[in-house]
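Listed below are the residues making up each chain.
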Amino acid sequence: MTESFPRLFARTRRFTLGVPRGFTISPDGGRVIFLRSRSGADPVTCLWEFDVATGAERLVVDPLSLGGGEENLPPEERARRERSREAAGGVVAYATDSAAEQAVFALSGALYLVDLAAGAVRHLETPGPVIDPRLNPSGTRVAYVTGGALHVRDLVADEDVVLAAEEGVTYGLAEFIASEEMDRMRGYWWSPDGDALLVERVDEAPVTRWHIADPANPASEPVTVAYPAAGTPNARTELFVLGLDGSRSPVPFDDEYLVTALWDDHGLAIVTMPRDQKALRLLTVTDGLAPVREDVDPAWVDIVPGVPDHLSDGTLVWVADSEGGRRLIVGDRPVTPPTLQVRSVLAVDGDTVLFQASADPTEVQVWTCSAGVLARVSPEEPGVYSGTSAGGTTVIIGATLESQTSVTRIFRGGRPCGHIDSHAERPGIDLRVSLVPTGKRNLATAVLLPSWYEPGSGKLPVLMDPYGGPGAQRVLASGRMFLESQWWAEQGFAVIVADGRGTPGRGPAFEREVLHNFTVTLDDQVEALHGAAAEYDLDLSRVGIRGWSFGGYLAALAVLRRPDVFHAAIAGAPVTDWRLYDTCYTERYLGHPDEGHYEASSLLADAEKLERPLLLVHGLADDNVVAAHTLRLSSALLAAGRPHTVLPLSGVTHMTPQEVVAENLLLLQVDFLKKALG
């Protein structure tokens, strides 16, 4: 019997298992270290090495040989994986020395060192479970965090030293806001000579405590989390340069947020941001702080991954908004046109900058900039590409609308010299997707039809399937983006996925149209629906909408405020009251709660308007969008006498990684929508 798509979708972690990732290229460009599980259904990630000259792959670390099949993770590591949306196990992260000759990793809280050439793995004893181990550049010491304390182990002398420890605070770990909203997963940085570290100290004492209970197991104590809700205090963050000789030098900064840090041969620099996020400041650290540049915006300044960085001569590499576009800056000069929206800096190899950018919002291409000359290095075929580069070797990872998995290509000196296999499972589903612009704003929209549908054979009920919020896209020229949506189409729907205002790839002005008002995202979904209906046979009397997180908010908003358009909704982990969501995300778009922009975008006051079927789904262990969002909306609906359905998921977080839950959740949603839409 063929395995069902929902089961396969769940078992393969949305077809991400078996895909190579986490690439590190040796300085000479001769080797590529990467992560990948043995198969598309194996959740245990292994460490591999690819020889550029021969094209041969070699398994370096198999966690099963180290007894790492069943993981026992410390709470801090579980939280880190939740923040990074890590669905696999095994060696999910590693760090090398500057020569890429050794690597360290944590497995079930234990610390391991591996000689990459010999493949010899050494277990290093530690006083507690290990978080985020990192080698110094020379590979003679490894730093790690355990119990909130930063340790450094001398690999030559085999001595372990506590570099920083203090009751009630953490050293070397990124706080919740940094990891959840700023994509910063680390809290310490080695100096180039390896004799000191820049270390973040985090004190969560000011942060409000929330308590997440497990109602299915009433004997269990509630989990207490420090959650910085909008308008409430953040954690106190401080920086120190800690020398291995015991010295301790503060690096004071005035802003609320530490965005990132860089310590290379050209010095130490930090990037900070005030709480209102209307400025981004790059500062060098010497005897004090010296400003290098400041970017400001009356709405907010976006954080771009990969910067700051330097060319070999110390010239600054940066990304900033200019003349209506997000542009690559080398030195003090923009080197990309305003029409090419830079997404991230992927690597700097000598004097060549490798970066992601979009000329079309549905595509993400990889470019280089060398001596002011731009060149596209990803394939000409429209798609979504990423990569890295070092020592004259470039790794390009990409997917197209026709492909259902990614392809990893290796280039040496600009010429193809091999590829790294993907072991991902094949979905066994035929994509029938068209990317079309819709409405007066030419919104990026995907329309998916059942593979068996014949045009003119009748109107199809519609399922809107958005995320639709700022900072993320769903409509991209990659078949992997639409596998679940196509399965929904096979159930008899025309599925529409639309990226409205606030989504990236179209320039700063388009992103900032959600300032102080999230409800414009609903207007764009309506516009995309009507635009698609002008081209396809859609039954606008039967329109459902589903989504998760911001998409869940958008789904609930749709049936509450536009019941004339939407006839049923499934809202998964929805934000229903923006005062209950975190400071950094919410205040970036809606400002401080005292400014008065929250009520217009929240859902609770709209409860009495519900007249369409609504299914609310929420993981009770969710510490990102806590279950209180759904429970408060449900209470308001009950008080207003409005029937609705609530599906609580016991023990489930924001990720819903459990196989049985993920599979049956899809099937239950189909049943709900078919009954609701007749």
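These notes cover the structure that comes with them. (Residues numbered from 1 in each chain as written. Predicted model: local features only at pLDDT ≥ 70, side-chain atom pairs only at ≥ 80, totals over all residues. Heavy atoms only, no water.)

### Concerning the overall build of the protein chain
Per the secondary structure count, the protein chain includes ten helices and 44 strands. The C-alpha atoms of the protein chain give 25 Å as radius of gyration, which agrees with the globular expectation for 678 residues (26 Å, within 12%). Along the first, second and third principal axes, the C-alpha atoms of the protein chain reach 70 × 55 × 55 Å. Looking at the protein chain as a whole, 57% of its 678 residues qualify as buried. Partitioning the intrachain contacts of the protein chain with sequence separation of at least 6 by distance along the chain shows that 57% fall at a separation of at least 24. Within the structure as shown, the protein chain displays about 26,200 Å² of accessible surface, and the carbon and sulfur contribution to it stands at 51%. Averaging the positions of the 58 positive and the 91 negative side-chain charges in the protein chain gives two centres separated by 5 Å. (Helix = DSSP H or I, 4+ residues; strand = E, 2+ residues; numbered from the N terminus. Rg over C-alpha atoms; globule rule 2.2 N^0.38 Å. Buried < 20%, exposed > 50% of the residue type's maximum accessible area, 1.4 Å probe, protein only. Contact = heavy atoms within 4.5 Å. Areas by Shrake-Rupley, 256 points an atom, 1.4 Å probe, with all protein chains shown as cover. Lys, Arg positive; Asp, Glu negative; His and termini not counted. Charge placed at Lys NZ, Arg CZ, Asp CG, Glu CD.)

### Structural notes on the environment of Leu-340
Structurally, Leu-340 is set in the loop between strand 28 (333-334) and strand 29 (341-349). A relative accessible area of 5% means that Leu-340 is categorised as buried. Setting aside residues up to four positions removed in sequence, Leu-340 forms contacts with Arg-326, Phe-355, Ala-357, Ser-358, Ala-359 and Trp-367.

### Some thoughts on the side chain of Thr-438
Among the secondary structure elements, Thr-438 is positioned in strand 37 (residues 433-438). On the accessibility criterion, Thr-438 (3% relative accessible area) is buried. Separated by 2.7 Å, the side chains of Thr-438 and Thr-445 make a polar contact. Ignoring sequence-local partners within four residues, the contact set of Thr-438 consists of Leu-443, Thr-445, Glu-527, Ala-528, Gly-531 and Ala-532. (Polar contact = N/O pair within 3.5 Å; in protein donor to acceptor, adjacent residues only side chain to side chain.)

### Observations concerning the pattern of salt bridges
Throughout the structure, instances matching the rule amount to 40 salt bridges. For Asp-154, the salt bridge is made with Arg-141, and the minimal N-O distance between the two is 3.6 Å. Separated by 13 residues along the polypeptide, Asp-154 in strand 12 (residues 149-154) and Arg-141 in strand 11 (residues 141-146) bring together distant segments of the chain. Judged by relative accessible area, which is 16%, Asp-154 ranks as buried. According to the relative accessible area criterion, Arg-141 is partly exposed, its value standing at 26%. In this structure, Asp-321 and Arg-512 form a salt bridge, with 3.5 Å as the shortest nitrogen-oxygen distance. Placement of the pair is Asp-321 in strand 26 (residues 316-322) and Arg-512 in the loop between helix 5 (508-511) and helix 6 (520-533), with a sequence separation of 191 residues. (Salt bridge = Lys/Arg side-chain N within 4 Å of Asp/Glu carboxyl O.)

### Brief notes about the sheet that holds strand 24 (residues 289-296)
In spatial order, the strands read 21-22-23-24; together these four strands make up an open sheet with antiparallel pairing. The sheet is open, and its two edges are formed by strand 21 (257-264) and strand 24, each paired on a single side. On average, each strand axis in the sheet is inclined to that of its neighbour by 20°, with strand direction left out of account. Sheet topology note: the strand 21/strand 22 (residues 267-273) ladder contains seven bridges and is antiparallel. Considered in strand 22, the bridge of Ala-261 is made with Ile-270. (Pairing = 2+ DSSP bridges. Axes fitted to C-alpha atoms, helices over the stretch in contact; angles between N-to-C directions.)

### Thoughts on the nonpolar core
If you look at the biggest cluster of nonpolar residues, it comprises 89 residues, and the most contacted ones within it are Trp-318, Leu-328, Val-353, Phe-355, Phe-518, Phe-566 and Trp-578. For this core, the element with the highest residue contribution is helix 7 (residues 550-561), accounting for nine residues. If we skip the residues at most four places from it in the chain, Trp-318 touches Val-271, Leu-280, Leu-282, Arg-293, Asp-295, Val-307, Pro-308, Arg-327, Leu-328 and Ile-329. Membership of the second largest hydrophobic core comes to 32 residues, among which are Leu-8, Ile-429, Leu-483 and Leu-673. (Core = buried A, V, L, I, M, F, W, Y, C linked by side-chain atoms within 4.5 Å.)

### Things to note about the packing of aromatic side chains
Per the counting criterion, the structure on display carries 25 aromatic pairs. Aromatic pair Phe-5 and Phe-15: ring centres 5.8 Å apart, planes at 40°, arrangement tilted. With Phe-5 in helix 1 (residues 5-11) and Phe-15 in the loop between helix 1 and strand 1 (21-25), the pair connects residues that are ten residues apart, well separated along the chain. Across this residue pair, the class does not change: Phe-5 and Phe-15 are buried. Relative to Tyr-585, the ring of Trp-578 lies with its centre 6.2 Å away and its plane at 15°, an arrangement referred to as stacked. An identical accessibility class is assigned to Trp-578 and Tyr-585; each is buried. (Phe/Tyr/Trp six-rings, centres within 6.5 Å; stacked < 30°, edge-to-face > 60°.)

### Quick word on the sheet that holds strand 32 (residues 373-376)
Spatial ordering of the open sheet is given by 29-30-31-32, a layout of four strands whose pairing is antiparallel. Single-partner strands in this sheet number two, and they are strand 29 and strand 32. Neighbour-to-neighbour, the strand axes of the sheet open up by a mean angle of 30°, direction not taken into account. In this structure, strand 31 (residues 365-370) lies alongside strand 32, joined through four bridges in antiparallel fashion. Bridge pairing in strand 32 places Thr-368 opposite Ala-375.

### What about the environment of Arg-612?
With respect to the element layout, Arg-612 can be found in the loop between helix 8 (583-590) and strand 43 (614-619). Note: C-alpha distance between Arg-612 and Arg-642 (30 residues apart in sequence) is 9.2 Å. A polar contact is formed between the side chain of Arg-612 and the backbone oxygen of Pro-563, at a distance of 2.9 Å.

### What to know about the packing of helix 4 (residues 483-490) against helix 10 (residues 659-677)
Interhelical geometry of helix 4 versus helix 10 gives an angle of 40° and a closest axis separation of 11 Å. In terms of axis orientation, helix 4 runs oblique to helix 10. In the packing of helix 4 onto helix 10, the handedness of the crossing is right-handed. On helix 10, the residues that touch Glu-484, Trp-487 and Trp-488 of helix 4 are Leu-666, Leu-667, Gln-669, Val-670 and Leu-673. Along the lines of polarity and charge, the residues of the contact of helix 4 with helix 10 split into six nonpolar, one polar and one charged. (Parallel < 35°, antiparallel > 145°, perpendicular 65-115°, else oblique. Left-handed = near helix turned anticlockwise from the far one by under 90°. Nonpolar A, V, L, I, M, F, W, Y, C, P; charged D, E, K, R; others polar.)

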